[in-house]
Amino acid sequence: MFRKTLPLALALLASFVLAAPVAAMPDAKGEHQMTAEEFVASLHPKTGDVTIPEAKATLKLANGYSFLSAGDAQRVLTQAWDNPPDDSVLGLILPSTDAHSVLDDSAWAVVVTFVDEGYVSDKDAAKIDYDDMLKDLKKATQDNNADRLKEGYPAIELVGWAEPPRYDPSTHKLYWARDLKFKKADGSDDGQTLNYAIRVLGRRGYLSLNAIAPIKQLDKVRADMPDVVAMAEFNQGERYADYNAGTDKAAAYGIAALVAGGIAAKAGLFAKLGILLLAFKKFIVIGIAAVGGFFAKLFKRKKA
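Just so we're clear, the structure is a prediction, and the values are computed from it rather than from any experiment.

Calculation notes
Residues numbered from 1 in each chain as written. Predicted model: local features only at pLDDT ≥ 70, side-chain atom pairs only at ≥ 80, totals over all residues. Heavy atoms only, no water. Core = buried A, V, L, I, M, F, W, Y, C linked by side-chain atoms within 4.5 Å. Buried < 20%, exposed > 50% of the residue type's maximum accessible area, 1.4 Å probe, protein only. Helix = DSSP H or I, 4+ residues; strand = E, 2+ residues; numbered from the N terminus. Phe/Tyr/Trp six-rings, centres within 6.5 Å; stacked < 30°, edge-to-face > 60°. Pairing = 2+ DSSP bridges.

Chemist: Mind showing me how you'd approach the nonpolar core here?
Modeler: Note on soluble globular proteins: their nonpolar side chains tend to be buried together. With 32 residues, the main nonpolar core has Ile93, Leu207, Met225 and Val228 as its most contacted residues. Ranked by the residues each element gives to this core, the list is headed by helix α5 (residues 218-231), at six residues.

Chemist: Is there a simple way to explain the packing of aromatic side chains in this structure?
Modeler: Pairs of aromatic rings are described using the distance from one ring centre to the other and the angle between the two planes. A complete count under the given rule lists six aromatic pairs for this structure. Ring geometry for phenylalanine 114 and phenylalanine 234: centres 6.0 Å apart, planes at 65°, overall edge-to-face. On the criterion of sequence distance, the pair formed by phenylalanine 114 in strand β7 (residues 109-115) and phenylalanine 234 in strand β13 (residues 232-234) is long-range, its members being 120 residues apart. You can call phenylalanine 114 buried: its relative accessible area is 18%.

Chemist: How do you make sense of the pairing of strand β4 (residues 57-60) when you look at a structure like this?
Modeler: Remark: a regular strand shows side chains that alternate across the two faces of the sheet. Alignment of strand β3 (residues 49-52) against β4, held across four bridges, turns out to be antiparallel. Each residue of the ladder has a partner; that of threonine 51, found in β4, is threonine 58. Between β3 and β4, which pair antiparallel one after the other, the connecting turn spans four residues, and lysine 56 there sits at a positive phi close to 50°. Where β4 lies against β13, three bridges are found, and the strand directions are antiparallel. When the sheet's bridge partners are listed, threonine 58 is paired in β13 with glutamate 233.

See below:
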C-alpha cells in the first residue's frame, strides 16, 4: 500500500507519488521501506509474445502493452493495491510498457490466472437469464460481507452489470463487467471499481483475465478489451476444439457457473444453473467454490 498525502501544488504530484514509501516492503536485507520509485524499478515488464507455462497458453501482447510475471504481479496486487495474497496469480497485463502505470489510480490492468478444473461445456450459454442471476449475485455479495470485514477487507456492494455477460461460441471466449462499490467497517465509502472479466475456454480448463479499473474508466476499458481478448490463446493441442471426451476431464459446471463464480452453493443456484449433484455433490461444491474465486479473491485498485 502506498502512503500518500495531499501535495501543496499540483505540479509536485508526480514527484511526490514516486517518492512515497511502500508499506511493509523492506529491501532484501530488511533494512528499510522501499519508495514507490524503488518498487517500480524492481518490476520487470515484458513485451511481445509471452508464454504462460502453467496454463500452456501464450499472450500475444499488442503494441503498447506489457506483462508482469507471477512474482511481480503478486507484489503489485498485495503491496501496492491492498488485495489479499493470492499465489494463483500468473501475471498482470498493463496497458503500457512503463511499469509506473501501476501507480496510476486512473489506469486499468488485467490479472491473469488459470483454472484447471477441466473442459467447461458451453451448451447452456444461450439459455442463461443474466438478469435473474444478478439478483442472486447481489444477495450473495451482501451475505458475504460480514466475513470480508472480519478478515480486514472492505464490504462490497454489487451495483449491477457494467457490461452484461456475452459469450462468443466461435472463439470460446466469455466476458462481462461488474460495477462494484467498497465500504469500510464504519460504513464509509472506500471507492468504486470496475471488475471486467474475460474467460478463455480451453481443453483442460480456462484462462481467467480480470481487468480492474475505476468505474469512470468503463468506456476506455470497454474500448480496449477487444485487444486483450484477442491476445490470449491456448497453445496448439490445448485449445477448446482439442478436447477429447474419452480421455480428458470435464468440469462439473457450465458457462453460467463461470459468471456466478463462488456464489452457486451459497445462494442455492445449482438448480438454476442446471448442475446435477447426485453422488458428486461434494466434488461439485468444492469445484464451484473455486470457480473464479469472486468472493475470496476480488481484485481491486487501491484509491490514492
